[in-house]
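# A look at the structure
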Amino acid sequence: MHDALPKVPPVITITLKDFYTTEASKGAGRPWWLDLGIVKSGQSFEDMMAYNTVATAALTPFRDGPLPRCTGPVFANMSEAAKELTRTMGVSGVNVVKDGKEIRAHNPHNTLVYSMTGFSPSLQASMKQAADEFNKILPEGINTSFRDVSIVEIGFAGNVVREIYRISLENGSVMDVTTGREMPGMKKL
């Protein structure tokens, strides 16, 4: 897989900001997440989104098939664009090129809570209150840098099942996570 990947971008420097809740698809009721978003601007953001597009295209042939990645209620409540991505890519939140145009469906974020508990109105209100309080504590967000990118196995609802390779954005080195051994490195952008 790592041989099929394009050159890696440089270290990604972003700001983690804005706590919020989201459902797998609005109105499905479950699963839902409490996420910490990122500021969606700047060169690092552009590098990350561009890499998502080319990496998705490079890795798609390695899928073992268009496995169901969501429940019926989630799929029923998705937009038509998300349904098409789920049918063709197995998941809905990836960047693709269609008819020569890049479509950015990827929403970079950090998931803090994942739940299959029904997202009732009272739970939504409680989680929104928690997110609002977190946003008051960190109004400027958290400046950070990502120095690695991982190739992972995606399971149900887009959750990571296991990490396969870890690729350094600093020097292009590749580690096979299962063995801990370094593999031939990647080229830098």
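To be clear, the structure that these remarks concern was listed above.
Residues numbered from 1 in each chain as written. Predicted model: local features only at pLDDT ≥ 70, side-chain atom pairs only at ≥ 80, totals over all residues. Heavy atoms only, no water.

Let us look at a nonpolar patch on the surface. A cluster of nonpolar residues, Phe134, Ile137, Leu138 and Ile142, forms a patch on the protein surface that exposes about 330 Å² of accessible area. Inspection of the secondary structure assignment puts Ile142 in strand S6 (residues 142-146). Among the residues examined, Ile142 registers a relative accessible area of 33% and is labelled partly exposed. (Patch = residues over 30% accessible without salt bridge, like charges linked within 9 Å, V, L, I, M, F, W, Y side chains within 5 Å. Areas by Shrake-Rupley, 256 points an atom, 1.4 Å probe, with all protein chains shown as cover. Salt bridge = Lys/Arg side-chain N within 4 Å of Asp/Glu carboxyl O. Helix = DSSP H or I, 4+ residues; strand = E, 2+ residues; numbered from the N terminus. Buried < 20%, exposed > 50% of the residue type's maximum accessible area, 1.4 Å probe, protein only.)

Another point: the sheet that holds strand S8 (residues 160-168). Adjacent strands of a sheet pair through backbone hydrogen bonds, lying either parallel or antiparallel. Overall, antiparallel pairing links the four strands, which are arranged S7-S8-S9-S10 in an open sheet. Every interior strand has two partners, whereas the edge strands, strand S7 (148-154) and strand S10 (181-183), have only one. Between one strand axis and the next, the sheet turns by 35 degrees as a mean value, whatever way the strands run. Bridging between S7 and S8 involves seven bridges; their strand directions are antiparallel. Paired with Val152 across the bridge in S8 is Glu163. (Pairing = 2+ DSSP bridges. Axes fitted to C-alpha atoms, helices over the stretch in contact; angles between N-to-C directions.)

Quick look at the sheet that holds strand S5 (residues 109-115) now. Judged by pairing direction, the sheet is antiparallel, and its four strands sit side by side in the order S5-S2-S1-S6 without closing on themselves. Each edge of the open sheet is held by one strand with a lone partner, namely S5 and S6. Looking at each pair of strands side by side, their axes are set apart by 35 degrees on average, direction ignored. In the sheet, strand S1 (residues 12-23) pairs with S6 via five bridges, with the strands oriented antiparallel. Bridge pairing in S6 links Leu16 to Ile142. Packing against the sheet, helix H1 (residues 43-59) makes contact with S1 and strand S2 (32-38), and its axis sits at approximately 70 degrees to S1. Contacts between helix H4 (residues 121-137) and the sheet are confined to S1 and S2, with S1 contributing the most and set at about 155 degrees to the helix. (Contact = heavy atoms within 4.5 Å.)

Here the focus is unusual backbone geometry. Keep in mind that most residues, glycine aside, have a negative phi and that most peptide bonds are trans. At the junction of Arg30 and Pro31, the peptide bond is cis and its omega measures out at -10 degrees in the coordinates. Secondary-structure assignment places Pro31 in the loop between S1 and S2. Its identity is not glycine, yet Asp18 carries a phi of approximately 80 degrees, on the positive side. As for its placement among the helices and strands, Asp18 is situated in strand S1.

Residues in a regular strand project their side chains so that they alternate between the two faces of the sheet. Pairing geometry for S8 and strand S9 (residues 174-176), over three bridges, is antiparallel. Along S9, the bridge assignment pairs Ile167 with Val174.

By secondary structure assignment, the location of Asp35 is in strand S2. At 3.0 Å, the side chain of Asp35 and the side chain of Thr111 are in polar contact. Leave out the neighbours within four places in its chain, and Asp35 touches Asp18, Phe19, Tyr20, Thr22, His109, Asn110, Thr111 and Leu112. (Polar contact = N/O pair within 3.5 Å; in protein donor to acceptor, adjacent residues only side chain to side chain.)

Okay, the side chain of Asp176 next. Structurally, Asp176 can be placed in strand S9. Lacking a salt bridge, the buried Asp176 has Arg181 as its closest oppositely charged neighbour, with an N-O distance of 5.3 Å. Not counting residues up to four positions away in its chain, the partners in contact with Asp176 are Ile164, Tyr165, Arg181 and Met183. (Lys, Arg positive; Asp, Glu negative; His and termini not counted.)

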